[in-house]
Amino acid sequence: MLRTSENKIYRQGIDDPKELADGFPSRIEDLFGYQAIVIGSVEASYFTPAQKELLQQFVDRRGGGLLFLGGRASLADGGWGSSNLADLFPVVLPNKKVRFTAIPRLPR
C-alpha cells in the first residue's frame, strides 16, 4: 500500500481486489498477515489511535518489522516523536517540527 497523495492510495502485490481497499488495516488479523511495514513520509496523524496501537502490537506481539523512512511528513516533522510509537524508534525524536539546514563542507 503506497499513499501517492493525501487522498490517493496505490495497492501493489495484493491477492484479492478487496485487500487494502479501505486503506491501512484496522483489524489485528489483517495486519498480522504481513511480515514488515514500511512507513515513508507519512505523518502520525494519518493513522487512527487504534491503528497506531495495532502497529505497536505488530512489533511487540507478532515480532513484525517496522521501518520508518525520512521525508517531509516523517519522523519528528510528522509528529511521531509525540506518538505512542515513539518508543519503537532507536533514537529520541523531538516532540515538534525541526528544520535542519545543510552546513557547507569546508574545502580540503
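See the structure shown above.
Residues numbered from 1 in each chain as written. Predicted model: local features only at pLDDT ≥ 70, side-chain atom pairs only at ≥ 80, totals over all residues. Heavy atoms only, no water.

**What about the pattern of salt bridges?**
Okay, step 1: Under the criterion given, the structure shown has two salt bridges.
Okay, step 2: Residue arginine 27 pairs with glutamate 29 through a salt bridge whose shortest N-O separation is 3.2 Å.
Okay, step 3: Looking at glutamate 29, the relative accessible area reads 48%, which means it is partly exposed.
Okay, step 4: Note that arginine 27 and aspartate 30 form a salt bridge whose closest N and O atoms lie 2.9 Å from each other.
Okay, step 5: Salt bridges here are not isolated pairs; linked through shared partners, they connect Arg27, Glu29 and Asp30. (Salt bridge = Lys/Arg side-chain N within 4 Å of Asp/Glu carboxyl O. Buried < 20%, exposed > 50% of the residue type's maximum accessible area, 1.4 Å probe, protein only.)

**Concerning the nonpolar core**
Okay, step 1: If you look at the biggest cluster of nonpolar residues, it comprises 15 residues, and the most contacted ones within it are Phe24, Leu31, Ile37, Ile39, Phe47, Leu55 and Trp80.
Okay, step 2: Those elements giving two or more residues to this core turn out to be strand E3 (36-40) and helix H2 (49-60).
Okay, step 3: With three residues, the top contributor of residues to this core is H2.
Okay, step 4: With residues near it in sequence (within four places) discarded, leucine 55 still touches Phe24, Leu31, Ile37, Ile39, Leu66 and Leu85. (Core = buried A, V, L, I, M, F, W, Y, C linked by side-chain atoms within 4.5 Å. Helix = DSSP H or I, 4+ residues; strand = E, 2+ residues; numbered from the N terminus. Contact = heavy atoms within 4.5 Å.)

**Some remarks on a nonpolar patch on the surface**
Okay, step 1: A cluster of nonpolar side chains, contributed by Val38, Leu67 and Leu69, occupies part of the molecular surface with about 260 Å² of accessible area.
Okay, step 2: On the secondary structure map, leucine 69 appears in strand E4 (residues 65-69). (Patch = residues over 30% accessible without salt bridge, like charges linked within 9 Å, V, L, I, M, F, W, Y side chains within 5 Å. Areas by Shrake-Rupley, 256 points an atom, 1.4 Å probe, with all protein chains shown as cover.)

**Comments concerning unusual backbone geometry**
Okay, step 1: Positive phi, close to 50 degrees, is recorded for serine 41, a residue that is not glycine.
Okay, step 2: Judged by relative accessible area, which is 28%, serine 41 ranks as partly exposed.
Okay, step 3: A positive phi angle is found at leucine 75, which is not glycine, with a value near 50 degrees.
Okay, step 4: As for its position among the elements, leucine 75 is in the segment after E4.

**Some remarks on the side chain of glutamine 51**
Okay, step 1: Relative to the assigned elements, glutamine 51 resides in helix H2.
Okay, step 2: Among the polar contacts listed, one links the side chain of glutamine 51 to the backbone nitrogen of threonine 48, at a separation of 3.0 Å.
Okay, step 3: Dropping the residues within four chain positions of it, glutamine 51 is found in contact with Phe24, Pro25, Ser26 and Tyr46. (Polar contact = N/O pair within 3.5 Å; in protein donor to acceptor, adjacent residues only side chain to side chain.)

**Points about the pairing of strand E1 (residues 2-5)**
Okay, step 1: Sheet topology places E1 next to strand E2 (residues 8-10); three bridges connect them, and they run antiparallel. From the neighbouring strand, arginine 3 faces E2, where its bridge partner is isoleucine 9. (Pairing = 2+ DSSP bridges.)

**A few points about the pairing of E4**
Okay, step 1: With five bridges joining them, E3 and E4 adopt parallel strand pairing. Residue glycine 40 lies in a different strand from E4, and its bridge partner there is leucine 69.
Okay, step 2: Handedness of the crossover joining E3 and E4 through H2 is recorded here as right-handed. (Right-handed = clockwise from strand over helix to strand, strands pointing away.)

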